[in-house]
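A structural walkthrough
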Amino acid sequence: GAIGEVLGAAVVVATLFYLARQTKLSVELNKVAEQRTLIDQCNAYFRITIEPENLVAIRKALSSYRSLNRHDQARAFVVLCQWITHYEKCIYAHETGMLPTPVMVAFRDFSVSFLVTPGGSEFWEDMGPVFGQDLQDNVNEILLSPERPAPATEAFHWLRDDDT
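The notes below deal with the structure included here. All figures in this text were calculated on a predicted structure; none of them were measured in a lab.

Reading guide: rules and limits
- Residues numbered from 1 in each chain as written.
- Predicted model: local features only at pLDDT ≥ 70, side-chain atom pairs only at ≥ 80, totals over all residues.
- Heavy atoms only, no water.
- Helix = DSSP H or I, 4+ residues; strand = E, 2+ residues; numbered from the N terminus.
- Rg over C-alpha atoms; globule rule 2.2 N^0.38 Å.
- Buried < 20%, exposed > 50% of the residue type's maximum accessible area, 1.4 Å probe, protein only.
- Areas by Shrake-Rupley, 256 points an atom, 1.4 Å probe, with all protein chains shown as cover.
- Lys, Arg positive; Asp, Glu negative; His and termini not counted.
- Charge placed at Lys NZ, Arg CZ, Asp CG, Glu CD.
- Salt bridge = Lys/Arg side-chain N within 4 Å of Asp/Glu carboxyl O.
- Patch = residues over 30% accessible without salt bridge, like charges linked within 9 Å, V, L, I, M, F, W, Y side chains within 5 Å.
- Core = buried A, V, L, I, M, F, W, Y, C linked by side-chain atoms within 4.5 Å.
- Contact = heavy atoms within 4.5 Å.
- Phe/Tyr/Trp six-rings, centres within 6.5 Å; stacked < 30°, edge-to-face > 60°.
- Expected span 1.5 Å × (residues − 1).

Concerning the overall build of the protein
- For the protein, the count of helices and strands is seven helices and zero strands.
- Counting helices and strands in the order they occur from the N terminus, the protein gives α-α-α-α-α-α-α.
- Radius of gyration (C-alpha) of the protein: 23 Å, far over the 15 Å computed for a compact globule of 164 residues.
- Across its three principal axes, the protein shows a C-alpha extent of roughly 85 × 30 × 25 Å.
- For the protein, the proportion of its 164 residues judged to be buried stands at 35%.
- For the protein, the computed accessible surface area is about 9700 Å², with 60% contributed by carbon and sulfur atoms.
- The protein carries 14 positive and 21 negative side-chain charges, and their two centres are separated by 5 Å.

Encoded structure:
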């Protein structure tokens, strides 16, 4: 009787420790999978951004979004929206503990660097309201900050419209 109860209690405690460990491992694997997904999406967005017609449009857009013809403006819109929504995904992943701060900051700085350019600023002024209020507030706070990222055209010379 008593020995069976002690053994039963020991098995329950051992099972709880085992389940706790498995849960911790599962959470860690989910973090890695989420980070991998965000990195894979980032790579896909880079490929879309550097497609020849898109790259020409985005280079022009970063100088003056409003002066683009409809075709180039549509291409630039798609590219800029994908980077901004990618940043939004990173915010949520970071808030849930799935993305470490340094990685989120890197994604943030790259995505927002498009909006620090003259044309990116025009895009955000015109199109920012289509994004959620939380994202708008977050991006606007970054854009007003003295520590905002450098413009994409300064940080990434291949985004310049002057072929230098």
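Brief notes about the pattern of salt bridges
- Within the structure shown, the criterion is met by seven salt bridges.
- For the salt bridge of Glu125 with Arg66, the shortest nitrogen-to-oxygen distance reads 3.0 Å. Separated by 59 residues along the polypeptide, Glu125 in helix 5 (residues 118–127) and Arg66 in the loop between helix 2 (52–64) and helix 3 (70–95) bring together distant segments of the chain.
- Among the residues examined, Arg66 registers a relative accessible area of 40% and is labelled partly exposed.
- Ionic contacts of the salt-bridge type, sharing partners, join the residues Arg66, Glu125 and Asp126 into one network.

Thoughts on a negative patch on the surface
- A contiguous patch of negative charge on the surface is contributed by Glu95, Asp134, Asp137 and Glu141.
- Among the elements that take part in the negative patch, helix 6 (residues 133–144) stands out by supplying three residues, more than any other.
- Tracing the backbone through its elements, the reader meets Asp134 in helix 6.

Details of the nonpolar core
- Ranked by size, the top nonpolar core spans 37 residues in total, and within it Ile58, Tyr87 and Phe114 carry the most contacts.
- Broken down by secondary-structure element, the contributors of at least two residues to this core are helix 1 (2–49), helix 2, helix 3, helix 4 (101–113), helix 5 and helix 6.
- Per-element tally for this core: the top contributor is helix 3, with ten residues.
- Those residues in contact with Tyr87 that lie beyond four places of it in its chain are Met104, Arg108, Ser111, Val112, Leu135, Asn138, Val139 and Ile142.

Thoughts on the packing of aromatic side chains
- Tallied over the entire structure, the rule returns eleven aromatic pairs.
- On the numbers, 5.1 Å between centres and 45 degrees between planes, the contact of Phe46 with Phe110 is tilted. Here the residue Phe46 occupies a position in helix 1, and Phe110 occupies one in helix 4, the gap between them amounting to 64 residues.
- Looking at Phe110, the relative accessible area reads 11%, which means it is buried.
- On the numbers, 5.6 Å between centres and 25 degrees between planes, the contact of Trp124 with Phe131 is stacked. For the pair Trp124 and Phe131, one class covers both residues: buried.

Observations concerning helix 1
- With 48 residues, helix 1 extends 70 Å from end C-alpha to end C-alpha; this agrees with the ideal 70 Å at 1.5 Å per step.
- Restricting attention to buried positions, one finds in helix 1 the residues Leu38, Cys42, Tyr45 and Thr49.
- Next to the buried residues of helix 1 lie helix 2, helix 3 and helix 4.

Focus on the environment of Gly97
- Mapped onto the elements, Gly97 comes out in the loop between helix 3 and helix 4.
- On the basis of relative accessibility, which here comes to 34%, the residue Gly97 falls in the partly exposed class.
- Gly97 sits 66 residues away from Lys31 along the chain, and the two C-alpha atoms are 7.7 Å apart.

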